[in-house]
Amino acid sequence: NEMKVHRVMNPGAPVGCDRLRLVTFGYLGFDGQIHDDGEIVVMDAASDHVLQIFVALRARRFPLASAKLMNEYEGNDDASMDRNNTSSHNVRAVAGGSSISLHAFGLAIDLNPVQNPFLQRKEGKPTVSPKAGADYLDRKNARPGMAEPVVDLFADHGFVIWGGAW
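Residues numbered from 1 in each chain as written. Predicted model: local features only at pLDDT ≥ 70, side-chain atom pairs only at ≥ 80, totals over all residues. Heavy atoms only, no water.

1. Structural notes on the overall build of the chain
At step 1: Of the regular secondary structure elements, the chain holds four helices and five strands.
At step 2: The order of α-helices and β-strands along the chain, N terminus first, is α-β-β-α-β-α-β-β-α.
At step 3: Taken over the C-alpha trace, the chain has a radius of gyration of 15 Å; the compact-globule value for 166 residues is 15 Å, and the two agree within 12%.
At step 4: Counting only C-alpha atoms and orienting by the principal axes, one finds that the chain spans roughly 40 × 40 × 25 Å. (Helix = DSSP H or I, 4+ residues; strand = E, 2+ residues; numbered from the N terminus. Rg over C-alpha atoms; globule rule 2.2 N^0.38 Å.)

In structure tokens:
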């Protein structure tokens with residue numbers, strides 16, 4: 001009900017709430033402190049793997065800026081990314097398209113979207129989302145929170161497609 005009220009679960013959702021799970025975890029913040037308020041909603045079949053991923057991220061001291069449910073952002077993907085929020089389930093189309101996103105299934109994770117921005121071409125010009133992610137387009141300039149050091153961890157748990165490869 002909460003997800004419906006906050007426009008995260010919309011009509012036409014490819015999976016119902018009975019197939020989704022809330023995963024809670026602690027994480028290392030960019031402030032160097034451990035935060036115990038990490039939450040992400042994913043498909044039930046992936047939930048154990050997702051928990052293992054976030055436990056391993058913490059053990060590797062990989063920082064997260066935020067890990068709040070999309071309810072906090074009224075299902076607005078841009079607002080979540082602008083806040084550098086790590087998230088998953090949100091019933092929406094793929095960026096720049098009309099087909100349903102893997103996020104709608106709870107099978108895609110946006111990890112530190114500022115450090116790992118989405119780059120696409122619109123009318124022949126590159127656009128970066130979120131805008132603050134433009135500072136991270138040079139992937140050779142490795143900085144904390146960039147996904148390259150943990151792509152293998154995600155792949156080991158079944159998340160074999162990394163958006164950065166697009």
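2. Some details on the pairing of strand β5 (residues 125-129)
At step 1: Examined bridge by bridge, strand β4 (residues 118-122) and β5 share five bridges and lie antiparallel to one another. Considered in β5, the bridge of Q120 is made with T127.
At step 2: Here β4 folds back onto β5 in antiparallel fashion, the turn holding two residues, of which E123 has a positive phi close to 55 degrees. (Pairing = 2+ DSSP bridges.)

3. What about the environment of D78?
At step 1: Within the secondary structure layout, D78 lies in helix α3 (residues 77-82).
At step 2: Separated by 10 residues in the primary sequence, D78 and S88 place their C-alpha atoms 13 Å from one another.

4. Observations regarding the nonpolar core
At step 1: Counting 21 residues, the largest nonpolar core has F25, I40, V50, F54, L57, L111 and F154 as the members making the most contacts within it.
At step 2: Elements supplying a minimum of two residues to this core: β1 (20-29), β2 (34-43), α2 (47-59) and α4 (151-156).
At step 3: Tallying contributions element by element places α2 first for this core, with five residues. (Core = buried A, V, L, I, M, F, W, Y, C linked by side-chain atoms within 4.5 Å. Buried < 20%, exposed > 50% of the residue type's maximum accessible area, 1.4 Å probe, protein only.)

5. Overview of the pattern of salt bridges
At step 1: Scanning all chains against the criterion turns up eight salt bridges.
At step 2: Residue E74 pairs with R7 through a salt bridge whose shortest N-O separation is 3.8 Å. Here R7 lies in the loop between α1 (2-5) and β1 and E74 lies in the loop between β3 (63-64) and α3, a separation of 67 residues in the sequence.
At step 3: Exposure remark for E74: the relative accessible area of 31% places this residue in the partly exposed category.
At step 4: One salt bridge in this structure joins D44 and R21, with 3.9 Å as the shortest N-O distance. Of the two residues, D44 is situated in the loop between β2 and α2 and R21 in strand β1; the sequence distance between them amounts to 23 residues.
At step 5: Taking the relative accessible area as the measure of exposure, R21 reaches 36% and is therefore partly exposed. (Salt bridge = Lys/Arg side-chain N within 4 Å of Asp/Glu carboxyl O.)

6. Some words on the packing of aromatic side chains
At step 1: Throughout the structure, instances matching the rule amount to three aromatic pairs.
At step 2: Measuring from ring centre to ring centre gives 4.1 Å for F25 and F54, while their planes differ by 15 degrees; the resulting arrangement is stacked. Of this pair, F25 sits in strand β1 while F54 sits in helix α2, and the two are 29 residues apart along the sequence.
At step 3: Overall, the relative accessible area of 6% leaves F25 in the buried class.
At step 4: Among the aromatic residues, those joined into a cluster by ring pairs are F25, Y27 and F54.
At step 5: Positioned above the aromatic ring of Y136, the side-chain terminus of R143 is 4.1 Å from the ring centre. (Phe/Tyr/Trp six-rings, centres within 6.5 Å; stacked < 30°, edge-to-face > 60°. Lys NZ or Arg CZ within 6 Å of the ring centre and 35° of its normal.)

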